[in-house]
Amino acid sequence: MSSEQQPDLVVVGSGFFGLTVAERCASELGLRVLVLERRHHLGGNAYSEVDPETGVEVHKYGAHLFHTSNEKVWAYVNRFTAFTDYKHRVFGKYQGQVYSLPMNLGLINQFFGKSHTPQEARELIASQASEIATEDATNLEEKAISLIGRPLYEAFIKGYTAKQWQTDPTELSADIITRLPVRYTFENRWFSDTHEGLPVDGYTAWLTRMADHPNIEVRLETDFFDVREEYVGKVPIVYTGPVDEYFGHAEGRLSWRTVDLEESVEDVDDFQGTGVVNYNDQEVPFTRIIEFKHFHPERVKTHLPGKTVIVHEYSRSAQEGDEPYYPINTAEDRATLLKYRARAEQEPMVLFGGRLGTYQYLDMHMAIGSALSMYENKLKPHFADGSELESGGVDA
């Protein structure tokens, strides 16, 4: 569309939520959609690129593993990419030994040094968890011990959680942990969804196909806040940036965790034997190491032999200018969010969506599902049937 031509819809942010909305509105309704993206690439945090030295596809904002049990979402994403049969498995290192995660019968047998039947393992964990009643837990440490017992907590939760939150677990709210699943089988797939895999051609190829429509214009390196006066109140907007930033932090800042990713090329063919290894010892400063070539073993012929790309991942509180990843979601944050939701409802023709716009941690399939719902329930009725577009949507 020309610079003089006003779009029918403006989408702020080109992650999965924004691109799903843009694609549906362009393909199904024939709308002219302008996507504004402040980064130099589309795709949000799912963006990936091939490392030129090694030929390994690197997820530039941390490991992205696609999985879903939502058949509607699965059918939708398969319009744009085929998926490999990759199944994600995670291992955890603690005191010089490596264990298969999540906590399962294999880990229990290895950690406690003897074979247990499923029933024996259940009884063992129940007896260890009986130290503290769940309803009496006053902090994260007590809650975790009440769910899985002290030995497993101290090995696999305590140090990792302290690094993730940069806070002693005794000072963290018990609400952070709702459950700590222990599998009493040897099943070690990280996800239990019906569908799982990685996009055959990579994430960027998938995301690029979503935006590849003559009615969609993507403007990279364009900050919405530099051009907002051109669009707010004049054209419907789907905003997927931080909701507090939209309102100039007028009600205060919402708090987030971020991650620092230290990428390096190692002169070995295989650094750790799997895609992700968690480091559970508290004295090790990083939370995990990701080795990307293991995500696509079918590409072995395209990888440079004797080289591999790894990333050390560190967790900390997000500061101004950092990429927000995980909402901290304290009681104070939740109270602040309600104030922003009230403001959002007063904005002229603006819908808020996605992880940042709703202040929720959404996996990729959840973001896509939420975007499809916004399209079906709010955007399509407005554009196709003339229904009034009710602003807000941060709880969509």
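Procedures and definitions
- Residues numbered from 1 in each chain as written.
- Predicted model: local features only at pLDDT ≥ 70, side-chain atom pairs only at ≥ 80, totals over all residues.
- Heavy atoms only, no water.
- Helix = DSSP H or I, 4+ residues; strand = E, 2+ residues; numbered from the N terminus.
- Rg over C-alpha atoms; globule rule 2.2 N^0.38 Å.
- Buried < 20%, exposed > 50% of the residue type's maximum accessible area, 1.4 Å probe, protein only.
- Contact = heavy atoms within 4.5 Å.
- Areas by Shrake-Rupley, 256 points an atom, 1.4 Å probe, with all protein chains shown as cover.
- Lys, Arg positive; Asp, Glu negative; His and termini not counted.
- Charge placed at Lys NZ, Arg CZ, Asp CG, Glu CD.
- UniProt positions renumbered as here; feature names shortened; annotations may be inferred.
- Domains from an automatic or database assignment.
- Salt bridge = Lys/Arg side-chain N within 4 Å of Asp/Glu carboxyl O.
- Core = buried A, V, L, I, M, F, W, Y, C linked by side-chain atoms within 4.5 Å.
- Arc of directions from axis to C-beta.
- Pairing = 2+ DSSP bridges.
- Axes fitted to C-alpha atoms, helices over the stretch in contact; angles between N-to-C directions.
- Nonpolar A, V, L, I, M, F, W, Y, C, P; charged D, E, K, R; others polar.

So what exactly am I meant to see when it comes to the overall build of the protein here?
In terms of helices and strands, the protein carries 13 helices and 16 strands. For 396 residues, the compact-globule estimate of 2.2 N^0.38 gives 21 Å, and the protein sits close to it at 23 Å. Dimensions of the protein, computed from C-alpha atoms along their principal axes, come out at roughly 70 × 55 × 35 Å. A burial count over the protein gives 55% of its 396 residues as buried. Residue pairs in contact within the protein that sit at least 24 positions apart in sequence constitute 73% of those at least 6 positions apart. Entry remark: accessible area of the protein is about 17,800 Å², with carbon and sulfur atoms responsible for 46%. With 38 positive and 61 negative side-chain charges, the protein shows a separation of 3 Å between the mean positions of the two kinds.

Looking at this structure, how should I read the UniProt feature "domain: UDP-galactopyranose mutase C-terminal" (unreviewed entry) in the protein?
Here, the residues flagged by UniProt with the feature "domain: UDP-galactopyranose mutase C-terminal" (unreviewed entry) are residues 155-361. For residues 155-361, the helix share is 25%, the strand share is 21%, and the end-to-end C-alpha distance is 26 Å.

How do you make sense of the domain arrangement of the protein when you look at a structure like this?
Per the domain assignment, the segments of the protein are domain 1 (9-84 + 197-254 + 330-385) and domain 2 (103-176). Just the C-alpha atoms count here: the centres of domain 1 and domain 2 sit 36 Å apart.

Would you take a moment to explain the pattern of salt bridges for this structure?
As a working rule, side chains carrying opposite charge can pair if their charged atoms are close by. If you walk through the whole model with that rule in mind, you get 21 salt bridges. Arg-24 is the salt-bridge partner of Glu-23, the closest N and O atoms lying 2.7 Å from each other. Of the two residues examined, Glu-23 and Arg-24, each falls in the buried class. The network of salt bridges with common partners includes Glu-23, Arg-24 and Glu-28.

Quick question: what am I supposed to make of the nonpolar core here?
Nonpolar side chains tend to gather and get buried jointly when the protein is soluble and globular. The biggest cluster of nonpolar side chains holds 81 residues, and the ones touching the most others in it are Phe-16, Phe-66, Val-77, Tyr-203, Trp-206, Phe-295 and Ile-368. The biggest single contributor to this core is helix α8 (residues 203-211), with five residues. Both domains that meet at this core, namely domain 1 (9-84 + 197-254 + 330-385) and domain 2 (103-176), each give it at least three residues. In this structure, Val-11, Val-21, Val-238 and Met-374 belong to the second largest nonpolar core, which totals 18 residues.

Any chance you could explain α8 here in plain terms?
Note that an α-helix has 3.6 residues per turn; residues three or four places apart therefore point the same way. What α8 keeps buried is the set Tyr-203, Trp-206, Leu-207, Met-210 and Ala-211. Buried residues in α8, looked at end-on, bunch into an arc of 135°, giving them a common side.

Can you walk me through the sheet that holds strand β11 (residues 256-266) in this structure?
What holds strands together in a sheet is hydrogen bonding between their backbones, with the strands either parallel or antiparallel. As summarised here, the arrangement of the seven strands in space is β7-β6-β12-β13-β14-β11-β15, forming an open sheet in which the pairing is mixed. One side of each edge strand has no neighbouring strand; the edge strands of this open sheet are β7 (97-101) and β15 (326-327). Direction of pairing for β11 relative to strand β14 (residues 308-317): antiparallel, over a ladder of ten bridges. Within β14, the residue paired with Ser-264 across the bridge is Ile-310. Against the sheet, helix α3 (residues 105-112) engages β6 (90-94) and β7, with an angle of about 155° to β7.

Please clarify how helix α5 (residues 140-148) should be interpreted in this entry.
The buried fraction of α5 amounts to seven of the nine residues, a majority that puts the element mostly inside the structure. Its buried side turned inward, α5 meets α4 (118-129), α6 (150-156) and α7 (158-165). Where α5 ends, the next residue or the one after it, Gly-149, has phi of about 90°, a positive value.

So what exactly am I meant to see when it comes to the packing of α4 against α5 here?
When two helices pack together, their arrangement is given by the angle between their axes and by how far apart the axes lie. At a minimum axis distance of 6 Å, the contact between α4 and α5 shows a crossing angle of 145°. On α5, the residues that touch Ile-125, Gln-128 and Ala-129 of α4 are Ile-145, Ser-146, Leu-147 and Ile-148. Of the residues contributing to the contact of α4 with α5, the split by class is five nonpolar, two polar and no charged.

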